[in-house]
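Geometric and topological summary
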Amino acid sequence: MFDAIVVTRDAEGRTHAGLRRLSLDDLPDGEVTVAVDYTTVNYKDGLCLGPGAGLVRKYPHVPGIDFAGRVETSADPRYRAGDPVVLTGWRVGEAHWGGYAQKARVKADWLVPLPEGLTLRQTMAIGTAGFTAMLAVMALEDHGLRPGHGPVLVTGAAGGVGSIAVALLARLGHEVAAASGRPETEAYLRDLGAARIVPRAELAEATKRPLEAEIWAGCVDAVAGPVLARAMKQLKYRAAAAAVGNAGGADVPMSIIPFLLRGVSLLGIDSVLQPYDRRVATWARLARDLDLDKLEAMIRPATLAEVPDLGRAILAGAIRGRVVVSIGD
Ligand SMILES: NC(=O)c1ccc[n+]([C@@H]2O[C@H](COP(=O)([O-])OP(=O)(O)OC[C@H]3O[C@@H](n4cnc5c(N)ncnc54)[C@H](OP(=O)(O)O)[C@@H]3O)[C@@H](O)[C@H]2O)c1
């Protein structure tokens, strides 16, 4: 028997998340059973711990979109008992039972070996949020962004994706402008490497003008909504924004003009279906380019029992940095 956070749905359609005891027989099908040591709380976890936002189709459900642990049993030759492994994506924790449990069972294809240079705990301090921040930075680099091109804007900067993006970009030599709605996070963001702080309110107001002064050499956007629209209008000629999230709304109120007159690009970032080789390469970049002391400064440690409350907190935009949930026996 082992502990898990189980979400149930009652006859009125209301969901309830709480700690339960499960047995190995309860786990879904999959080739590899993992003893989970660490998991985390991402924005999507907040959704899946609550009403689900259409992501969870079947109840009872075990959420947790990412985890790190050691293989317990494997029917796949790529993994053996004791191997340290990491999982992000593949709709684990949404369509498939996830990491908010001491045991998880998944397809071997969904796992990657623990990246060299990182501990299991550090991989979950990074988690899906940090993995996606790295994908966004790589997409901007592929588009041509180099240090010295000018300031790079990070929106939702004090959140998970934002914090890791700020630390990564600063370490890579970029001048980082951190946009946050929480003035109390200024010292935290400067410690992560932000050279300047942009109050969210400065970007949150929708404007009618199709273009504004050129400011940003690039942008990692976790927020969308009017903030992304404003950032797009302020991109330098031929610069790009990487669209990661929609914590501030799914609609982006802007015209086509910045694309036509400034040749700017909006790069879509998806972390869920990244192929294996790209995952391994992305983790290797994180191991190389993320300052692990800065990562440590982002961590809020937590237990499995705290996860339902943390899910509500992340949806309210009240989590700073990254949560690391210790799960081991
Ligand atoms: N594409 C993918 O594969 C992928 C992967 C991971 C995450 N995501 C998405 O990325 C986003 C961030 O995820 P996360 O785990 O980093 O969440 P998070 O830790 O909650 O960060 C989101 C941040 O956005 C800002 N924010 C919150 N509500 C806002 C609002 N109404 N208007 C403007 N800004 C707001 C807050 O930052 P400040 O307080 O600093 O303003 C908040 O900390 C989510 O939408 C998530 O679903 C997508």
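Residues numbered from 1 in each chain as written. Predicted model: local features only at pLDDT ≥ 70, side-chain atom pairs only at ≥ 80, totals over all residues. Heavy atoms only, no water.

1. Focus on the pairing of strand S12 (residues 235-243)
A regular strand places its side chains so that they alternate between the two faces of the sheet. Operational definition: Paired strands are those between which DSSP finds at least two bridges. Each helix corresponds to a stretch of at least 4 residues labelled H or I by DSSP, and each strand to a stretch of at least 2 residues labelled E; elements are numbered beginning at the N terminus. Classification remark: right-handed applies to a crossover when, strands pointing away from the viewer, the course from the first strand over the helix to the second runs clockwise.
Here strand S11 (residues 216-221) runs beside S12; their pairing, made up of 5 bridges, is parallel. Across the sheet, residue Asp221 finds its bridge partner in S12, namely Ala243. With helix H6 (residues 225-233) bridging S11 and its parallel neighbour S12, the resulting β-α-β unit is right-handed. Direction of pairing for S12 relative to strand S13 (residues 265-268): parallel, over a ladder of 4 bridges. Bridge pairing in S13 places Ala241 opposite Leu266.

2. A short note on the domain arrangement of the protein chain
Applicable threshold: The start and end points of each domain follow an automatic or database-based domain assignment. Contacts were defined at the residue level, with two residues in contact if any of their heavy atoms lie within 4.5 Å. A quick way to say it: buried area is the sum, across both parts, of accessible area lost when two parts are put together, with a 1.4 Å probe. All residues other than Ala, Val, Leu, Ile, Met, Phe, Trp, Tyr, Cys, Pro, Asp, Glu, Lys and Arg, Gly among them, are scored as polar; the first ten of these are nonpolar and the last four charged.
Its domain assignment divides the protein chain into domain 1 (2-114 + 298-326) and domain 2 (127-268). The straight-line distance from the C-alpha centre of domain 1 to that of domain 2 is 29 Å. Counting from both sides, the interface comprises 13 residues of domain 1 and, opposite them, 15 residues of domain 2. Roughly 1000 Å² of surface becomes buried between domain 1 and domain 2 when both sides are summed, with 60% attributable to carbon and sulfur atoms. Of all residues in domain 1, Met298, Arg320 and Arg322 give up the largest surface area on contact with domain 2, accounting jointly for 49% of the area buried on that side. Its residues assigned to classes, the side of domain 1 that touches domain 2 shows 5 nonpolar, 5 polar and 3 charged.

3. Quick notes on the nonpolar core
Going by this rule: The definition of a nonpolar core used throughout is a set of buried Ala, Val, Leu, Ile, Met, Phe, Trp, Tyr and Cys residues joined through side-chain atoms within 4.5 Å. Type-normalised accessible area, obtained with a 1.4 Å probe on protein chains alone, sets the label of each residue: buried when under 20%, exposed when over 50%, and partly exposed for intermediate values.
By size, the foremost hydrophobic cluster in this structure holds 50 residues, and its most contacted members are Val154, Val166, Val220, Trp283, Leu286 and Leu290. Element by element, the count of residues in this core is highest for helix H2 (residues 120-143), at 14 residues. If you count residues domain by domain, this core takes at least three from each of domain 1 (2-114 + 298-326) and domain 2 (127-268). Excluding its chain neighbours within four sequence positions, the residues that come into contact with Val166 are Val154, Ala157, Val176, Ala178, Leu189, Leu192, Gly193 and Ala194. In this structure, Val32, Val34, Val41 and Ala302 belong to the second largest nonpolar core, which totals 35 residues.

4. Here's the deal with the pairing of strand S15 (residues 322-326)
For S15, a buried count of 4 out of 5 residues is recorded, marking the element as mostly surrounded by other parts of the structure. Sheet analysis places strand S3 (residues 32-40) next to S15, joined by 3 bridges and oriented antiparallel. Looking at the pairing, Thr40 lines up with Val324 of S15. Relative to S15, strand S14 (residues 299-303) runs parallel, the two being bridged by 5 bridges. The residue bridging Ala302 from the neighbouring strand is Val325, located in S15. With helix H10 (residues 307-315) bridging S14 and the parallel S15, this β-α-β connection has right-handed handedness.

5. As for H6
Within H6, 8 of the 9 residues are buried, leaving the element largely enclosed by the surrounding structure. Among the residues making up H6, those that are buried are Gly225, Val227, Leu228, Ala229, Arg230, Ala231, Met232 and Lys233. For H6, the secondary structure elements touched by its buried residues are strand S8 (152-155), helix H5 (200-204), S11, S12, helix H7 (257-262) and S13.

6. Topic: the site of the ligand
Selection criterion: Residues are classed as near a molecule or strand on a simple rule: at least one heavy atom within 4 Å of it. Here a polar contact is taken to be a pair of N or O atoms separated by no more than 3.5 Å, where protein atoms must pair a possible hydrogen donor with a possible acceptor and residues adjacent in sequence count only if both atoms sit in side chains. Here the Shrake-Rupley method, with its probe set to 1.4 Å, supplies the accessible areas, and only the displayed protein chains count as covering residues.
By nearness alone, 25 residues border the ligand, and Val161, Ser180, Gly181, Arg182 and Ser271 come closest of all. Within the backbone of Ala158, a nitrogen or oxygen atom sits 2.9 Å from an oxygen atom of the ligand. Within the contact set of the ligand, an oxygen atom lies 2.7 Å away from a side-chain nitrogen or oxygen of Ser271. Considered on its own, the ligand offers 910 Å² of accessible surface; in the complex 86% of this is hidden by protein. Broken down by secondary-structure element, the contributors of at least two residues to the shell around the ligand are H2 and helix H3 (160-171). Along the lines of polarity and charge, the residues of the shell around the ligand split into 10 nonpolar, 12 polar and 3 charged.

7. A short note on the packing of aromatic side chains
To be explicit about the condition: Centres within 6.5 Å are what make two rings of Phe, Tyr or Trp a pair, Trp counting through its six-membered ring; a difference in plane orientation under 30 degrees is then read as stacked, over 60 as edge-to-face, and the rest as tilted.
The tally for this structure, following the rule as stated, stands at 1 aromatic pair. Where Phe131 meets Trp283, the ring centres are 5.5 Å apart and the plane angle is 35 degrees; that geometry is what we call tilted. Pair noted here: Phe131 is in helix H2 and Trp283 is in helix H8 (residues 276-289), with a separation of 152 residues, a long-range link. This pair shows no difference in class: Phe131 is buried, exactly as Trp283 is.

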